[in-house]
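Understanding the architecture of this molecule
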Amino acid sequence: MLPVNPERFLADLHTLRSFGAAGVGKGVVRPAYSDADIAAREWLAGRMREAGLAVHVDPVGSVFGLSEGQSLLLGSHSDSQPEGGWLDGALGVISALEVARASAEAGGPPVSVVSFQDEEGRFGVTTGSAVWSGNLSLEKADRLTDRDGVTFAEARARMPGRSDDFVEPSRFTGFLEMHIEQGPVLDREGETIGVVDAIVGIRDIKITFVGEQNHAGTTPMQGRRDAFQVLSRFNNLILERFANVVTPSTVWTIGHVSLHPNASSIVPGKVTFSMQWRDGDADRLGRMEAIIRETAEELATADQFDLSFGPMLGLEPVEMDTRLRTALERAAEAEVPGRWRRMPSGALHDATNVSQLMPVSMLFVPSIGGISHAFGEDTDEADLVTGLNVLAVAVTEMAD
Ligand code: GLV
Ligand code: MN
Ligand code: MN
């Protein structure tokens with residue numbers, strides 16, 4: 001196995017957390033293109049250079065550390081959610097760096113590293129890897145806005161050292177992404193490694209209802225066009241209408257609501273909210289979309305709201321490459337016999353996009369209590385090191 005160094009790996013993981021460290025525990029606030037994200041990417045580029053990799057920052061700010069010639073690509077993302085933990089994405093990037101470093105020291109096999117930009121979707125859904133893979137055109141990405149109205153074009157212009165060119169995907173023979181599970185299964189079952197067989201699909205859209213803003217004391221209940229009330233009715237109706245379509249593993253979330261003008265004594269005249277749903281079956285995603293659109297249209301017509309939909313963002317469900325998955329499974333069985341499982345990913349990953357370009361596979365380590373996208377996200381450091389070792393064994397085996 002490649003001589004990976006667990007102390008150096010953990011030290012780099014803690015250093016990365018220092019960029020945007022926040023909250024109690026090991027929280028991080030490092031959204032794409034924030035000062036903390038840019039500083040972290042500059043530090044990472046320095047670590048890549050020290051490891052003998054050639055740094056390439058692509059037009060959207062994804063940072064690649066390239067080894068010469070054909071190589072495997074390992075990595076994930078180093079941006080965070082508006083409130084996130086220290087491992088989501090960071091683990092995949094720093095484990096990739098450690099494997100590439102060990103590989104350079106051992107004289108091969110060649111390994112390149114990437115930290116994709118905006119995986120966490122400040123602007124879209126896995127924006128950086130979506131653009132690289134062709135799932136999303138740069139022109140369309142540039143028009144996307146965050147929740148404060150900043151465009152992707154404006155944000156990516158902040159990232160220093162960008163090249164005009166994207167990295168040529170054909171220089172890579174495959175992509176491996178290590179990640180925390182972000183769910184409860186491995187922790188609950190007392191297992192150490194998950195080898196991913198498929199990643200669910202997602203759809204995500206912003207919906208706006210415009211009614212009538214008015215005085216909260218003088219406007220009779222009858223005839224109000226209250227934007228909060230229409231959102232409340234929408235939520236109740238889709239709960240009912242989804243019942244015959246969804247399975248226990250289907251999920252949907254209204255995670256961001258902007259109510260205007262958001263004041264106690266004003267009947268709100270406008271609401272914009274995010275509607276996101278995920279499932280492993282593309283047909284089901286489509287049936288849910290139809291329910292969402294029809295329900296919103298029905299409510300708008302019945303109570304005279306103007307209705308508009310933002311761009312439909314999404315990714316199809318994908319399966320992992322059998323050869324790469326088998327290499328990870330063999331490595332897991334060698335390192336933690338009987339204490340690993342094959343499992344689907346309910347979270348999204350850059351690997352979905354990269355699967356358009358080359359064979360991909362993923363491995364998980366447990367998330368304590370299944371917590372993620374929260375300051376409380378954590379994993380036992382012994383499990384982080386086991387994941388690193390499994391990755392190193394798999395890379396070694398794939399090169400043979
Ligand atoms: C990515 O973090 C996701 O939302 O699953
Ligand atoms: Mn992630
Ligand atoms: Mn995430």
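Presented here is an overview of the structure given in this document. (Residues numbered from 1 in each chain as written. Chains lettered and ligands numbered in written order. Predicted model: local features only at pLDDT ≥ 70, side-chain atom pairs only at ≥ 80, totals over all residues. Heavy atoms only, no water.)

**Some words on unusual backbone geometry**
Along the chain, Gly108 connects to Pro109 via a cis peptide bond; the corresponding omega equals 0°. When you line up the elements, Pro109 lands in the loop between helix H3 (90-106) and strand E4 (111-116). (Helix = DSSP H or I, 4+ residues; strand = E, 2+ residues; numbered from the N terminus.)

**Notes on helix H2 (residues 35-50)**
Owing to its 3.6 residues per turn, the α-helix brings residues three or four apart onto one side. Over its 16 residues, H2 extends 23 Å from the first C-alpha to the last, a length consistent with the 22 Å expected when each residue adds 1.5 Å. Of the residues making up H2, those classed as buried are Asp37, Ile38, Ala40, Arg41, Trp43, Leu44, Ala45, Gly46 and Met48. Looking at the buried side of H2, the elements it contacts are helix H1 (6-18), strand E1 (54-57), strand E2 (63-66), H3 and E4. Just downstream of H2 lies Gly52, where phi reads positive at about 85°. (Expected span 1.5 Å × (residues − 1). Buried < 20%, exposed > 50% of the residue type's maximum accessible area, 1.4 Å probe, protein only. Contact = heavy atoms within 4.5 Å.)

**A few points about the layout of surface pockets**
Reported here for the second largest pocket is a volume of approximately 150 Å³. Taken together, Thr145, Asp146, Arg147, Asp148, Gly149, Lys206, His256, Ser258, Thr272, Phe273 and Ser274 form the lining of the second largest pocket. Class assignment of the residues belonging to the lining of the second largest pocket gives a composition of one nonpolar, six polar and four charged. (1 Å grid on protein atoms, 1.4 Å probe; cavity = no way out; pocket = protein on both sides within 12 Å on 5 of 7 lines; lining within 4 Å. Points joined across faces, edges and corners; volume = space filled by probe spheres on them. Nonpolar A, V, L, I, M, F, W, Y, C, P; charged D, E, K, R; others polar.)

**Remarks on the site of ligand 1**
Near ligand 1, the surroundings consist of Glu119, Glu120, Arg278, Ala347, Leu348 and His373. Between Glu120 and ligand 1, the recorded distance is 2.8 Å, taken from a side-chain N or O atom to an oxygen atom. The contact in question runs from an oxygen atom of ligand 1 to an N or O atom on the side chain of His373, over 3.1 Å. Burial of ligand 1 by the surrounding chains reaches 91%, relative to a free accessible area of 200 Å². Here the residues of the shell around ligand 1 are counted per class, giving two nonpolar, one polar and three charged. (Near = heavy atom within 4 Å. Polar contact = N/O pair within 3.5 Å; in protein donor to acceptor, adjacent residues only side chain to side chain. Areas by Shrake-Rupley, 256 points an atom, 1.4 Å probe, with all protein chains shown as cover.)

**Some words on the pattern of salt bridges**
In this structure the tally under the stated criterion is 24 salt bridges. Across the pair Arg101 and Glu98 runs a salt bridge whose closest N-O atoms are separated by 2.7 Å. Taken together, the positions of Arg101 and Glu98, both in helix H3 and three residues apart, correspond to about one turn of that helix. Judged by relative accessible area, Arg101 falls into the buried class, the value being 7%. Relative accessible area serves as the criterion here: at 0%, Glu98 is assigned to the buried category. (Salt bridge = Lys/Arg side-chain N within 4 Å of Asp/Glu carboxyl O.)

**Side note on the coordination of the manganese ion (ligand 3)**
Around the manganese ion (ligand 3), the donor atoms from the protein are Asp88 (OD), Glu120 (OE), Glu120 (OE) and His373 (NE2), and they sit 2.1 to 2.4 Å away. If you list the donors of the manganese ion (ligand 3) from N- to C-terminus, the spacing comes out as D-x31-E-x252-H. Between the manganese ion (ligand 3) and the manganese ion (ligand 2) the interatomic distance amounts to 3.5 Å, and Asp88 serves as a bridging ligand to the pair. Placement of Asp88 in the loop between strand E3 (71-77) and H3 and of Glu120 in the loop between E4 and helix H4 (127-133) is noted, with a sequence separation of 32 residues between them. Asp88 gets classed as buried once you look at its relative accessible area, which sits at 7%. Its relative accessible area of 13% is what places Glu120 among the buried residues. (Donors = N, O, S within 2.8 Å, 3.2 Å for Na, K, Ca; no water.)

**What about the nonpolar core?**
Generally speaking, soluble globular proteins have nonpolar side chains that are buried together. Counting 74 residues, the largest nonpolar core has Phe9, Leu13, Leu74, Ile94, Val99 and Leu384 as its most contacted members. Setting aside its immediate chain neighbours within four residues, Val99 contacts Leu2, Val4, Leu74, Val111, Leu388, Leu391, Ala392 and Val395. Listed in part, the 23 residues of the second largest apolar core include Val230, Phe273, Ile291 and Ala296. (Core = buried A, V, L, I, M, F, W, Y, C linked by side-chain atoms within 4.5 Å.)

**Observations concerning the coordination of the manganese ion (ligand 2)**
For the manganese ion (ligand 2), the full set of protein donor atoms is His77 (NE2), Asp88 (OD) and His179 (NE2), and the range of their distances to it is 2.0 to 2.3 Å. Within one chain, the residues serving as donors to the manganese ion (ligand 2) are arranged as H-x10-D-x90-H.

**Quick notes on H3**
The end-to-end C-alpha separation of H3 is 24 Å, in line with the 24 Å expected for 17 residues at 1.5 Å each. For H3, the buried fraction is high: 14 of the 17 residues fall into the buried class.

**So, the packing of aromatic side chains**
For the structure shown, the criterion picks out 14 aromatic pairs. On the basis of an interplanar angle of 40° and a centroid distance of 5.7 Å, the ring pair of Phe116 and Trp132 is categorised as tilted. Remark: Trp132 occurs in helix H4 and Phe116 occurs in strand E4; sequence separation between them is 16 residues. There is no split in this pair, since Phe116 and Trp132 are both buried. Judged by centre distance (6.1 Å) and plane angle (75°), the ring pair of Phe116 and Phe175 falls under edge-to-face. (Phe/Tyr/Trp six-rings, centres within 6.5 Å; stacked < 30°, edge-to-face > 60°.)

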